[in-house]
Each structure stands twice: as structure tokens, then as C-alpha cells.
Amino acid sequence: MRATVMYGAGDVRVEDRPDPKIVQTTDAVVRVTAACVCGSDLWPYGSMPATETGRAMGHEFLGVVEEAGADVTSLSAGDLVVAPFTYSDNTCDYCAEGLHISCRNGGRYGVDGVDGGQGEAVRVPHADGTLVKLPVAADSALIPSLLALSDVMTTGHHGAVTAGVGRGDTVLVVGDGAVGLCAVIAARRLGAERILLAGRHEARTDLGRHFGATDVVAERGEEGIARIRELTGKLDKVIEAVGTRPALDTALGAVRDGGTISRLGVPQYEQGPIGPAEFMRNITLTGGASPSRAYIEQLLPDVLDGAIAPGRVFDRTYALDRTPEAYRAMADRKVLKALIRP
Ligand SMILES: [Zn+2]
């Protein structure tokens, strides 16, 4: 099969890889019909040391079950399924409490003999626990929004949930990337009345307004913080959807004492502000990697009936062999989120 492999910063190739086969009886092989490039893929794209062996890429995909292992009970060949961005058994103690990201038998795509999602096919471990069957045809117009459930939409939702967003709330979303925009959708869906979006890429903040943002803050740093404070007074809830230290600093500067910051962007810093100044402010820092599997079934009905359309974050589609161009375009911020069609 053809699949995407990253060999180092800026070096993404699409090449021939072994066709996936059932290894464990709980596996399924999924023929990928739609995949995408994640904002988090851009961190290694910018910094990964060169390697000889490369790393299979992609963790967001949707496709058709080609073969199911002997112990797979809920799926059969021909089913259209979406995969959350990590696999999980959906039966262990962590999964039972909805923290599938910490599944005792779970793992990530592209490592430990499991294929990446940016390819023609993927062996999915714990297929029953991982994959969610979709009641539409593979050529449905809803495919982009259903694909968004694998990561960006469920991650944005995780931010809104962990920030405690509810009816009538005012929320700040820091970051106009696909996750930030999906956090706007999620905050709106949970009843937030006022949603500030901090971002300066106009096409993206326009989409954010379409998704429900009521105010856009284009200013950065101290100026941005002052603007947010002026607009909100005491801001209770912040979703940080970038992962850089300046984005966290904006969140910390904007939030009220006693408020909550949910982090969704993979932190690109090792040390954070955890000293006496923050201690005195009683700020709750929450969020983290989304247990996306826990949210897919909750959000699926809203995608199916058109109440939310997170697929609008995909602004360009590439054939699989052109995935390297998709990385380049996203890294250059020319494309918000690239859809890959194997
Ligand atoms: Zn589990």
C-alpha cells in the first residue's frame, strides 16, 4: 500500500509499505477513504531530527472495514467507521470512566507496528473498542464533518467540557487553528453566550464567527490581554488551543483569579508558570489530550442532523501522493486543515 512517512523536519514522503494484515484476533483492517493532517503533525514537521527509518504519519482517518479479526463482534467487512486518534479497548477501568486516552491496552497510530492514518489502510487494534460505525455511505457529503470527530472536533469539545462551559457563559478560545475553531463550535453547542476568539488570520476568524464566536481579538501579548479584559471584565473560562508559551501567557493574563484554563494544544514548552504568583491566583489548569473515543457517540447525532458542521475546517483536499504538499501548505499557513483522499 501507499502511506505517508516522515523522515525528518520538512521531509515527508509517500511510499510503498507492507499491506496491513490482522495480527491479533481483536484487530480490524480498515481501508482508508478519508484522512487528514493534524496541527500536531506540524511540530515534528518543523523539528524532527533526520532518521533512516522514518515514522508512519497520521492519526485521523475514516474508512471501510476490509477484514475483521475472529474476535471482533461489532463490526464486519463493508462497515464505514471513524477512528479516534488513539486506539482503546473501551473496557478497562480508564475507558469505563471516559478517559480512553489512558486506556491500559491502548496506543497510538504510527508506532509499535501499527500503521499511520495517512495511508491506504490501517491495522486497528481493539477494533470493537476503538472504531465507531457510521450510518452513512462512504460518499456522503457529511464525510469531512464525520472525519473531524476523530480528533479536532472531539478535542475542541474536550476543551469546552474540561473548562466547564455551560449555558450563558463567556469563554475565550486562544488560537484560530482547526482545534480552536472546533472549540468555538463546542462552546456554542454547550450554551456559551459570548465566545471570544483570539486569532489574527482573517479567513479563520471569519469561520470562527460563523461557528459562533461573538468577538475576535486580533491583538497579541499585553495588548491582547488588555483588550480581552476590557471586553469581558472577569473572564472565567479559557480554552488554550495552540500549545505555545505565548498562548498560555495570554490565557493566564486574561483569566480572572479563580478561573479555569483548559489546554488543548500539545505544549511546546517544558517549564510553565507554576510559582507563587499563580498559586496566589487559584487558577485551575485543566485539559490535556482528549479522550476522543468517549465523545464520538455524543457528538455524532449533531453531525448527522447538521446541527454542527466541523468539516468546514477542511479547506483543501489532496490525493494521497500529494500529502507532502499538504504538510507544506499547512506549515506555511496557506491551508487551515488538509483533507487527504487515498
Ligand atoms: Zn481501556
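Each remark here, short or long, concerns the structure printed above.
These remarks concern the structure in this document.

Criteria and cut-off values
Residues numbered from 1 in each chain as written. Predicted model: local features only at pLDDT ≥ 70, side-chain atom pairs only at ≥ 80, totals over all residues. Heavy atoms only, no water. Helix = DSSP H or I, 4+ residues; strand = E, 2+ residues; numbered from the N terminus. Rg over C-alpha atoms; globule rule 2.2 N^0.38 Å. Buried < 20%, exposed > 50% of the residue type's maximum accessible area, 1.4 Å probe, protein only. Areas by Shrake-Rupley, 256 points an atom, 1.4 Å probe, with all protein chains shown as cover. Axes fitted to C-alpha atoms, helices over the stretch in contact; angles between N-to-C directions. Parallel < 35°, antiparallel > 145°, perpendicular 65-115°, else oblique. Left-handed = near helix turned anticlockwise from the far one by under 90°. Contact = heavy atoms within 4.5 Å. Nonpolar A, V, L, I, M, F, W, Y, C, P; charged D, E, K, R; others polar. Core = buried A, V, L, I, M, F, W, Y, C linked by side-chain atoms within 4.5 Å. Phe/Tyr/Trp six-rings, centres within 6.5 Å; stacked < 30°, edge-to-face > 60°. Lys NZ or Arg CZ within 6 Å of the ring centre and 35° of its normal. Pairing = 2+ DSSP bridges.

**Quick notes on the overall build of the protein**
Then step 1. The helix and strand tally for the protein stands at 12 helices and 18 strands.
Then step 2. Over its C-alpha trace the protein gives a radius of gyration of 20 Å, about what one expects of a compact globule, namely 20 Å for 342 residues.
Then step 3. Across its three principal axes, the protein shows a C-alpha extent of roughly 60 × 40 × 40 Å.
Then step 4. The buried share of the protein, reckoned over its 342 residues, is 54%.
Then step 5. Total accessible area on the protein stands at roughly 14500 Å², and carbon and sulfur atoms take up 47% of it.

**Here we look at the packing of helix 5 (residues 152-162) against helix 6 (residues 178-189)**
When two helices pack together, their arrangement is captured by the angle between the axes and the distance separating the axes.
Then step 1. Across the interface, helix 5 lies against helix 6 with an axial gap of 7 Å and an inter-helix angle of 55°. Taken together, the axes of helix 5 and helix 6 lie oblique to each other. Our pair here, helix 5 against helix 6, has a crossing hand that is right-handed. In contact with Val152, Met153, Thr155, Gly156, His157 and Ala160 of helix 5, helix 6 contributes Ala178, Val179, Cys182, Ala183, Ile185, Ala186, Ala187 and Arg189.
Then step 2. Among the residues forming the contact of helix 5 with helix 6, the class breakdown is 10 nonpolar, three polar and one charged.

**A closer look at the nonpolar core**
Then step 1. Formed by 47 residues in total, the largest nonpolar core has its most connected members in Leu146, Leu149, Met153, Ile239 and Val313.
Then step 2. In terms of residue count, helix 6 provides more of this core than any other element does, nine residues in total.
Then step 3. Here Leu149 is in contact with Thr154, Ser292, Ile296, Leu299, Leu300 and Val303, once residues within four sequence places are set aside.
Then step 4. Listed in part, the 33 residues of the second largest apolar core include Val30, Ala83, Tyr109 and Tyr318.

**Structural notes on the packing of aromatic side chains**
When we look at a pair of aromatic rings, we describe it by the centre distance and by the angle of the planes.
Then step 1. The final tally for this structure, using the stated rule, is three aromatic pairs.
Then step 2. With a centroid separation of 5.9 Å and 70° between ring planes, the pair formed by Tyr87 and Tyr109 is classed as edge-to-face. Within this pair, whereas Tyr87 is found in strand 7 (residues 86-87), its partner Tyr109 is found in the loop between strand 8 (107-108) and strand 9 (121-124), the two being separated by 22 residues in sequence. As far as burial versus exposure is concerned, Tyr87 and Tyr109 are alike and both buried.
Then step 3. What links up through ring pairs into an aromatic cluster is the set Phe61, Tyr87 and Tyr109.
Then step 4. Across from the ring centre of Tyr7, 3.8 Å away, lies the NZ or CZ of Arg13, which sits over that ring.

**As for the sheet that holds strand 15 (residues 255-263)**
Then step 1. One open sheet holds the six strands; their spatial order is 13-12-11-14-15-16, and the pairing between them is parallel. Each edge of the sheet is formed by a strand with only one pairing partner; in this case those strands are strand 13 (215-217) and strand 16 (284-287). Going across the sheet, the axis of each strand differs from the next one's by a mean of 20°, ignoring polarity.
Then step 2. Relative to the sheet, helix 6 contacts strand 11 (170-174), strand 12 (194-198) and strand 14 (235-240), its axis offset from that of strand 12 by approximately 175°.
Then step 3. Relative to the sheet, helix 9 (residues 245-254) contacts strand 11, strand 14, strand 15 and strand 16, its axis offset from that of strand 15 by approximately 150°.

**Looking at the sheet that holds strand 4 (residues 55-56)**
Then step 1. Across the sheet, which stays open at both edges, the three strands sit in the order 2-1-4 with antiparallel pairing between neighbours. Where the open sheet ends on each side, the last strands, each with one partner, are strand 2 (11-16) and strand 4.
Then step 2. Relative to strand 4, strand 1 (residues 2-8) runs antiparallel, the two sharing two bridges. Looking across to strand 4, one finds that Val5 is bridged to Ala56.
Then step 3. Taken strand by strand, helix 12 (residues 323-331) contacts strand 1 and strand 2, and its axis lies near 160° from that of strand 2.

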